[in-house]
Amino acid sequence: MIHQCYSQGEPLHVESSEVARGLPASSPRPDSRGFFLFVASTSLQQHAYPTIDYIDPLIGTANGGHVFPGASLPYGMAKSVADGNKEIQGGYASNDGQITGFSHMHDSGTGGGASLGNFPLFAQTGCVDDDINRCYFPSTLRASDKINSSVVAKPGYFAIQLNTSVKAEMTVTNHTALYRFSFPTDGTPTKLPADGKTPYSPLILADLADLSGSRTDALISVDAHTGRISGNGTFRPSFGIGNYKSYFCADFHGAKLRDTGIFINNRASNTRKSFRTYDDGQNPILPAGAWAQFHPPANNQILVRVGLSFISTDQACHNAEKEIPNFNFESVRSDAEDAWRKKLSVIKVDNTGVSDSLQRTFWSGIYRTLLSPQDYTGENPLWKSNEPYFDSYYCIWDSFRSTHPLLTLVDPHAQALMIRSLIDGFTQGGSNADNLLADSYLKGLKDGIDWDTGYKAVVSDAEEEGTIWTVEGRGGLQSWKTLGYIPTDDWDPNGYGLFTRSISRTIEYSYNDFCIAEMARGLGKHGDAEKYLKRSGNWKNMFDPHSRSNGFTGFLQPRYLNGTFGFQEPAICTDLYNFEGCYLNPGGHETYEAGSWLYTFYVPHDQATLITTLGGPDQFVRRLEYMHDTPGLFYIGDEQAYLLLFIFHYAGRPAGLPGNDDSGAMGSFTALTMLGLYPMSGQDVYIIIPPFFPEVKFTDPRSGKTATIRNINFDASYNNIYIQSAKLNGKPYNKGWVTHSFFLDGGVLELTLGPKENTKFGTAKADFPPSASTNFWS
């Protein structure tokens, strides 16, 4: 059985319904079909900037985006940034919050409670009157304003200056964070004016805390001779059950050690060198930690190296000593930038005429896609294995749609390692790791993947109900197998979980089973393929042809054990009507984070049958256009909405240009659409639209071959947004989609553009993307 979301030993996370709204200067506006045309706000000219210079990690760090903007490697475990006290999910937020510390592990783009941010450091210039108890230890006292103009965020690097005049810079390797604290030369003590008497004696503390204040048991110690601070803590997940244990090891460089000690609450001592906390049930937790004080550094800078581990303190120290032996900040930063350049080099774009603003949006979206999931290989505390271990997927319900398909294009080796490491986590809709595995299987990923075992895992999802099916696999399997739908009044004594989301679980289980059918077909298991193909049609069992909303008839509706239908207003769970009641909670509705208006369209595998069910192509398009055109009915901020921008293709109406973050889901969606692609994740299908660039190139890291998509008649004002005709490798091509072989084998796809829809391109039924009911076996 495959589980859906992952974190430190235990599931931590929930997906976000928030969009990364801290967008750059350009903003999208919908055209008449709900597609997005970006309005350029900067000059349209070609620049020779390296790709990395277009990346802005600060996009999405305010107004609910929760994007992590700090220093990280691609998929890096160490993620260091300044932590604020407002919108803390990503650590730092571009708002008026104060800075409380600098910590070393974070998630990005999450929507639930905060996680990670363990063992933050905080640097102070000195203590008033050289009294250790006149420094500031609890986060509520040490919280300091930031100087907004000082913030610098680049791949592998983050810097910020506080109003205390302390400047913090940070960079990382995979398991280690390296900080460079610069102190004011006038000896100004933290938060207080210079009095002419206070010695310049910097103090750096390490706090036994995390972002959410979930610490229970913990231990910290400081070495009186070297200043090394090390310890561990047990923390609760932001979402889910259980807990996890984390370890750290901090060493200092650049100044002579003066004194060391511990702090508890707002008091400190240099006589004790270690301290243990316990879970006493109090909230907030008791502040506690350790500190090291230094003589004035020769160059006013002190470096701190923090090794991290989920195994032991010794391993945390070993990670630090191995990865950063010499405290060379500039060398580590340079290596981090090089790692990002290498990952991004597989995509090339002709940026002629494309605004800087759009290019920042594009490259920043790809960058965010490569932040997570995180490579914790060698740091799995649950079992011993030589297999790769990735974590913090947060959440596959989000990321299977665009994050992992984009990774398959730009970094198929890493995607294969992630497939091998899928092990533990949370479900929100269906068992969507099935879709993720099918997507990678159909696109030919290998790299040591045992596909026979992978197939057994997805079949386990479909056939075996987990004890806690909010955590693993699916619930309601008895009803699913016998009735062909999840009843709204389902009675399920075979497992434990939330009995909500009967409509959306039915629709997602249907797609999950289709993805299993595709794997079965490819593995030669034709009996299984027939079985799961049939079950993939169960979505029809929730379709009530008599239900009505906004002048349209026929929607997915609640259905009871006795076969009768109930009614949930299809606009519930939209911005029009009661969205707040549609999360993963006991009082949730029958659809998850969207209404029946959206879920009635959500049949990725059999649009042909859906179009017929909804009255044919014209009526289908009219309903789809109405949803896009009605304010509040269509919300792109949730990932299941992505599909609705592209299913016009299935009705013979290929789209024009479309138009930010759940752990990279929003960023990857933005990047893919700007590349002219929408992957039907779980199928070997990419819907094609005109890229936002004159030309884009993909070089497959495995085959070394290059696939080129070229716009003929491209104009930077984006008036020519419709495909008039196409050629593939010089031959006429009428399909509005391609398979993964195009990227693996290489080739040239030329799209001739114009300002109006063409009645010939992609309009013949033979050119429609495949559907389960029409060409599954072809």
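The following paragraphs examine the structure supplied in this document. (Residues numbered from 1 in each chain as written. Predicted model: local features only at pLDDT ≥ 70, side-chain atom pairs only at ≥ 80, totals over all residues. Heavy atoms only, no water.)

**Description of the overall build of the protein**
A tally of helices and strands in the protein yields 18 helices and 32 strands. Every one of the 778 residues in the protein was classed for burial, and the buried ones make up 65%. Entry remark: accessible area of the protein is about 26100 Å², with carbon and sulfur atoms responsible for 49%. (Helix = DSSP H or I, 4+ residues; strand = E, 2+ residues; numbered from the N terminus. Buried < 20%, exposed > 50% of the residue type's maximum accessible area, 1.4 Å probe, protein only. Areas by Shrake-Rupley, 256 points an atom, 1.4 Å probe, with all protein chains shown as cover.)

**A word on the packing of aromatic side chains**
Evaluation of the coordinates by the stated rule reveals 39 aromatic pairs. Their ring planes at 50 degrees and their centres at 5.7 Å tell us that Phe 692 and Tyr 718 sit as a pair that is tilted. Of this pair, Phe 692 sits in the loop between β26 (686-688) and β27 (695-699) while Tyr 718 is found in the loop between β28 (706-712) and β29 (722-728), placing the two residues 26 residues apart along the sequence. Like Tyr 718, Phe 692 is buried. Feature note: the residues Phe 119, Phe 235, Tyr 244, Phe 248, Phe 310, Tyr 376, Trp 383 and Tyr 389 constitute an aromatic cluster, connected by ring pairs. The aromatic ring of Tyr 157 is capped on one face by Arg 333, whose charged end is 3.6 Å from the ring centroid. Of note, Arg 521 hangs over the ring of Phe 776, and the distance from its end group to the ring centre comes to 4.4 Å. (Phe/Tyr/Trp six-rings, centres within 6.5 Å; stacked < 30°, edge-to-face > 60°. Lys NZ or Arg CZ within 6 Å of the ring centre and 35° of its normal.)

**Details of the nonpolar core**
A general trend in soluble globular proteins is that nonpolar side chains are found buried together. The biggest cluster of nonpolar side chains holds 129 residues, and the ones touching the most others in it are Phe 601 and Phe 620. Here this core gets nine residues from one element, more than from any other, and that element is helix α11 (residues 502-522). Discounting residues that sit within four places of it in the chain, Phe 620 has contacts with Phe 601, Gln 607, Leu 610, Ile 611, Leu 614, Ile 647 and Ala 651. Formed by 66 residues, the second largest nonpolar core is a distinct cluster that contains Ala 82, Ile 99, Met 105 and Phe 158. (Core = buried A, V, L, I, M, F, W, Y, C linked by side-chain atoms within 4.5 Å. Contact = heavy atoms within 4.5 Å.)

**Here we look at empty space enclosed by the protein**
Quantified by volume, the largest cavity comes out at close to 90 Å³. Taken together, 13 residues line the largest cavity, and the ones lying closest to its centre are Tyr 602, Pro 604, Leu 643, Tyr 678 and Ser 681. Its residues assigned to classes, the lining of the largest cavity shows eight nonpolar, three polar and two charged. Of the voids in this model, the second largest cavity is the one considered here, and its volume is about 80 Å³. What lines the second largest cavity is a set of 14 residues, among which Cys 573, Glu 593, Ala 594, Leu 598 and Tyr 635 lie closest to the centre. (1 Å grid on protein atoms, 1.4 Å probe; cavity = no way out; pocket = protein on both sides within 12 Å on 5 of 7 lines; lining within 4 Å. Points joined across faces, edges and corners; volume = space filled by probe spheres on them. Nonpolar A, V, L, I, M, F, W, Y, C, P; charged D, E, K, R; others polar.)

**Description of the pairing of β28**
Alignment of β27 against β28, held across five bridges, turns out to be antiparallel. What sits directly across from Glu 695, in β28, is Arg 710. Taken together, β27 and the strand that follows it, β28, pair antiparallel across an intervening segment of six residues, in which Gly 704 is found at a positive phi of about 75 degrees. Where β28 and strand β32 (residues 747-754) come together, six bridges link them in parallel fashion. Note that in β32 the partner of Asn 711 across the bridge is Leu 751. (Pairing = 2+ DSSP bridges.)

**Side note on the sheet that holds β26**
Spatially, β25-β26-β31 is the arrangement adopted by the three strands of the open sheet, whose pairing is antiparallel. This sheet does not close on itself; its edge strands, each paired only once, are β25 (677-679) and β31 (737-738). With two bridges joining them, β26 and β31 adopt antiparallel strand pairing. Residue pairing across strands places Tyr 686 opposite Val 738, the latter belonging to β31.

**Regarding the state of the cysteines**
For the structure shown, the criterion picks out three disulfides. For Cys 127, the disulfide goes to Cys 135, at an S-S distance of 2.0 Å. With the S-S dihedral at roughly -100 degrees, the linkage between Cys 127 and Cys 135 falls on the left-handed side. In terms of burial, Cys 127 and Cys 135 fall into one category: buried. Disulfide pairing places Cys 573 opposite Cys 582 at an S-S distance of 1.8 Å. Around the S-S axis, the bridge from Cys 573 to Cys 582 shows a dihedral of about -85 degrees and counts as left-handed. Of the two residues, Cys 573 and Cys 582, both sit in the buried class. (Disulfide = S-S within 2.5 Å.)

**Some words on the sheet that holds β28**
On the basis of which strands lie adjacent, the open sheet formed by six strands has the order β20-β27-β28-β32-β29-β30 and mixed pairing. Both outer strands of the open sheet, β20 (347-350) and β30 (731-732), are each paired with one neighbouring strand and no more. Across six bridges, the pairing between β29 and β32 is antiparallel. Within β32, the residue paired with Ile 723 across the bridge is Leu 753.

**As for the pattern of salt bridges**
In this structure the tally under the stated criterion is 29 salt bridges. Here Glu 330 and Arg 180 are joined by a salt bridge, their closest N and O atoms 2.9 Å apart. Of this pair, Glu 330 sits in helix α3 (residues 329-344) while Arg 180 sits in strand β10 (residues 176-182), and the two are 150 residues apart along the sequence. Judged by relative accessible area, Glu 330 falls into the partly exposed class, the value being 41%. Assessed through its relative accessible area of 13%, Arg 180 is described here as buried. Between Asp 513 and Arg 474 there is a salt bridge whose closest N-O contact spans 3.0 Å. Taken together, the residues Asp 513 in helix α11 and Arg 474 in the loop between α9 (451-463) and α10 (477-482) connect sequence positions 39 residues apart. (Salt bridge = Lys/Arg side-chain N within 4 Å of Asp/Glu carboxyl O.)

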